[in-house]
Amino acid sequence: MAARTYWANRLTFPNPIVNEGIFSMLTKEENDKLTRVGKGTPMGEMMRRYWHPIAISAELPDCDGDPIVRKLLGERFVLFRNTEGLVGVIDEACLHRGASMALGRVEEGGIRCIYHGWKFSVTGALLDTPNHADARVKERLKANAYPVREQSGLIWTYIGPREKQPPFREFHFDEVPATHRTVIRVNIPSNFLQNWEGGTDTSHVSILHSNVTRPGWLSGSNRTANEGDINDFVKQSWDDMSPKLEIENTGFGYHYAGLRRLPGSDAVNARLVPIFLPYGRIIPLPGFSSTIFEVPIDDHTTSTYLVDASEGEPLEEKARLKRSGFAEHNYRNRNFLIDPENHYGQDRAAMRERRSWSGLDGLTQEDATITVSMGPVYDRSTEHLVAADAAIVRLRRRLLDAVDACESGGDPLGVNVADMKKVRAWDCDLEPADSWKRLAQPHNESYPA
């Protein structure tokens, strides 16, 4: 356990952490603890203490419409919208003899199993038992139904211990009009932590995403702007591919500032990114912010929810899909269609001709391709971290802290923080006398560590 002790001790130094040295790697045991989310696992039990997005509202568009099956933390659930428009989340297996309720009829205020006709409400109440006339069974039995909250285009549920149910969280994106918000979900065949670490890593942005960020590469490339998708993202600071990281713990997890040099100036660009447990981040983008949830379907698959919100101009889903690199050939039924045998759809000719850095089409496609290429569950005991990875090291530490708190009978980090509306991301240039901590002040005041 020497590696764990050294790694943990690195994180006890006073905030902020500044670029320094090489960090110690994880052990296989620690890697398993961080990535396994099934029932009974340390991470799985900790995760079950939070509310989770389980679908988007657009997937249940109609009252008494078709039910859908969703997996969450390795368990299977059926979702349906009843006659009054309320959403129910219940176990997939029928309470009677285990048939899939996804085959059921959604009608007259509930969902009815087609095997023997047992019917359940959104609360799990047993409404009808056609093959059993004794009414007492309806009083005695109840299906496992879970708390549901539908808000801002997301359907949330809580599947943990009922006596531990935390308050429901609200975010900044809940405050903007529906016309100024887009909600997209995509399933990615890789472990949630790979996706979350990728989104936490700021140094990759000006390398992997050079197609739309790095002026030094674009100026010598043969890539041309298409409907403004390049010019909106290019900043001179993205030519600094080795940002300095400064990190502070908060009550919701932590935040970090990625500080990049501006050419020919003493000013720096500061990119403040909040990271909140159990799997979220907020990314500042031109004219809007993106709140991203990397929800574990199981150990090997992630549902990534991208919620964009603007205080200025309205947003369109079509533009978000294009920016993500999703089109009919690689995005269908909210699944990212990826084929390693086809080299992930990478366009090598475009790379050779300097029309594309990565050979891939968009930001989310690039990120997802990288995480999938690492295998379903990446073995972190083989990696070699450097100073640019400090935010990832802190992410793992905060996750393990949350697991340790649960195992000791306490509450995981931030689970009781209901009002997350002041958690914001920023991207701005700062003069030498200014500090990124000015941007972070609302976090530190409202969500103290």
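For the structure, check the block above.
Thresholds applied
Residues numbered from 1 in each chain as written. Predicted model: local features only at pLDDT ≥ 70, side-chain atom pairs only at ≥ 80, totals over all residues. Heavy atoms only, no water. Helix = DSSP H or I, 4+ residues; strand = E, 2+ residues; numbered from the N terminus. Rg over C-alpha atoms; globule rule 2.2 N^0.38 Å. Buried < 20%, exposed > 50% of the residue type's maximum accessible area, 1.4 Å probe, protein only. Contact = heavy atoms within 4.5 Å. Areas by Shrake-Rupley, 256 points an atom, 1.4 Å probe, with all protein chains shown as cover. Lys, Arg positive; Asp, Glu negative; His and termini not counted. Charge placed at Lys NZ, Arg CZ, Asp CG, Glu CD. 1 Å grid on protein atoms, 1.4 Å probe; cavity = no way out; pocket = protein on both sides within 12 Å on 5 of 7 lines; lining within 4 Å. Points joined across faces, edges and corners; volume = space filled by probe spheres on them. Nonpolar A, V, L, I, M, F, W, Y, C, P; charged D, E, K, R; others polar. Phe/Tyr/Trp six-rings, centres within 6.5 Å; stacked < 30°, edge-to-face > 60°. Lys NZ or Arg CZ within 6 Å of the ring centre and 35° of its normal. Pairing = 2+ DSSP bridges. Axes fitted to C-alpha atoms, helices over the stretch in contact; angles between N-to-C directions. Salt bridge = Lys/Arg side-chain N within 4 Å of Asp/Glu carboxyl O. Core = buried A, V, L, I, M, F, W, Y, C linked by side-chain atoms within 4.5 Å. Disulfide = S-S within 2.5 Å. Polar contact = N/O pair within 3.5 Å; in protein donor to acceptor, adjacent residues only side chain to side chain.

All right, on to the overall build of the chain then. The number of helices and strands found in the chain is twelve helices and 24 strands. On C-alpha atoms alone, the chain measures out to a radius of gyration of 23 Å, which is about the 22 Å that the 2.2 N^0.38 rule sets for 449 residues. The dimensions of the chain, computed from C-alpha atoms along their principal axes, are 85 × 50 × 40 Å. Taken across its 449 residues, the chain has 55% of its residues classed as buried. Long-range pairs, those at least 24 residues apart, make up 62% of the contacts in the chain with a sequence separation of at least 6. When the accessible area of the chain is evaluated, it comes to approximately 19,300 Å², of which 50% is carbon and sulfur surface. Between the averaged position of the 54 positive side-chain charges in the chain and that of its 62 negative side-chain charges there is a distance of 3 Å.

So, on to empty space enclosed by the protein. Any empty space left between atoms is shown by rolling a water-sized probe over those atoms. What the rule picks out here adds up to one cavity of 30 Å³ or more. Empty space within the largest cavity amounts to approximately 90 Å³. Lining of the largest cavity is provided by Tyr50, Trp51, Trp156, Pro166, Pro167, Arg169, Phe276, Pro278, Tyr279, Phe293 and Val415. Of the residues that constitute the lining of the largest cavity, the class distribution is ten nonpolar, no polar and one charged.

As enumerated under the stated definition, the model contains 15 aromatic pairs in all. Taking the centre distance of 5.5 Å and the plane angle of 90° together, the rings of Trp156 and Phe293 count as edge-to-face. Separated by 137 residues along the polypeptide, Trp156 in strand β11 (residues 154–157) and Phe293 in strand β18 (residues 288–298) bring together distant segments of the chain. Take Trp156 and Phe293: they sit in the same class, and that class is buried. When the centroid spacing of 5.7 Å and the interplanar angle of 50° are considered together, the rings of Phe326 and Phe336 count as tilted. Highlighted residues: Phe326 in the loop between α8 (317–324) and β20 (331–332) and Phe336 in strand β21 (residues 335–336), separated in sequence by ten residues. Comparing Phe326 with Phe336, the two get one shared label, buried. Here the basic side chain of Arg214 rests over the ring of Trp357, its NZ or CZ set 4.9 Å away from the ring centre.

Strand order across the open sheet formed by three strands is β3-β4-β5, with antiparallel pairing between neighbours. Edge positions in the sheet fall to β3 (68–72) and β5 (87–91), since each has one partner strand and no second. Each strand of the sheet is rotated relative to its neighbour by a mean of 35°, with strand direction disregarded. Examined bridge by bridge, β3 and strand β4 (residues 75–81) share five bridges and lie antiparallel to one another. Of the residues in β4, the one forming a bridge with Arg70 is Phe77.

Pairing of side chains with opposite charge becomes possible as their charged atoms draw close. Taken as a whole, this structure holds 38 salt bridges when the rule is applied. Notably, a salt bridge pairs Lys71 with Asp298, separated by 3.1 Å at the nearest N-O pair. Here Asp298 lies in strand β18 and Lys71 lies in strand β3, a separation of 227 residues in the sequence. Judged by relative accessible area, Lys71 falls into the partly exposed class, the value being 31%. Taking relative accessible area as the criterion, Asp298 reaches 15% and is therefore assigned buried. Glu170 is the salt-bridge partner of Lys421, the closest N and O atoms lying 3.7 Å from each other. Of the two residues, Lys421 is situated in the loop between β23 (419–420) and β24 (426–430) and Glu170 in strand β12 (residues 170–171); the sequence distance between them amounts to 251 residues. With relative accessibility at 26%, the residue Glu170 sits in the partly exposed group.

Here we come to the nonpolar core. Grouped together as the largest cluster of nonpolar side chains are 81 residues, with contacts concentrated most on Leu79, Leu154, Trp196, Phe293 and Leu399. Per element, the largest residue contribution to this core is eight residues, and it comes from helix α11 (residues 390–407). Not counting the four nearest positions on each side in its chain, Trp196 is found in contact with Ile275, Phe276, Leu277, Pro278, Tyr279, Gly280, Arg281, Glu294, Leu395 and Leu399. If you look at the next biggest cluster of nonpolar residues, it comprises 14 residues, including Val78, Ile90, Cys94 and Cys113.

The pairing of strands in a sheet happens through backbone hydrogen bonds and is either parallel or antiparallel. With respect to topology, three strands assemble into an open sheet ordered β2-β11-β10, the strand pairing being antiparallel. Looking at strand neighbours, the two that pair on one side only are β2 (52–56) and β10 (148–151), the edges of this open sheet. Between one strand and the next, the sheet's axes are offset by a mean angle of 30°, whatever the strand orientation.

On to the state of the cysteines. Tallying each qualifying case throughout the model produces zero disulfides. A disulfide-free cysteine, Cys94 has its sulfur positioned 4.0 Å from the sulfur of Cys113, the nearest such atom.

Now for the side chain of Asp298. Among the polar contacts listed, one links the side chain of Asp298 to the side chain of Lys71, at a separation of 3.1 Å. In this structure Asp298 touches Val37, Lys71 and Gly74, once residues within four positions along its chain are discounted.

Time to look at the environment of Val268. Here Val268 shows up in strand β16 (residues 268–276). When the C-alpha atoms of Val268 and Leu430 are compared, they prove to be 5.4 Å apart, with 162 residues separating the residues in sequence.

Relative to the helices and strands, Thr364 is located in helix α10 (residues 363–373). A residue is classified by how much of its surface remains accessible, and Thr364, at 8% relative accessible area, is buried. Among residues more than four places away in sequence, those in contact with Thr364 are Leu306, Arg320, Arg323, Ser324 and Phe326.

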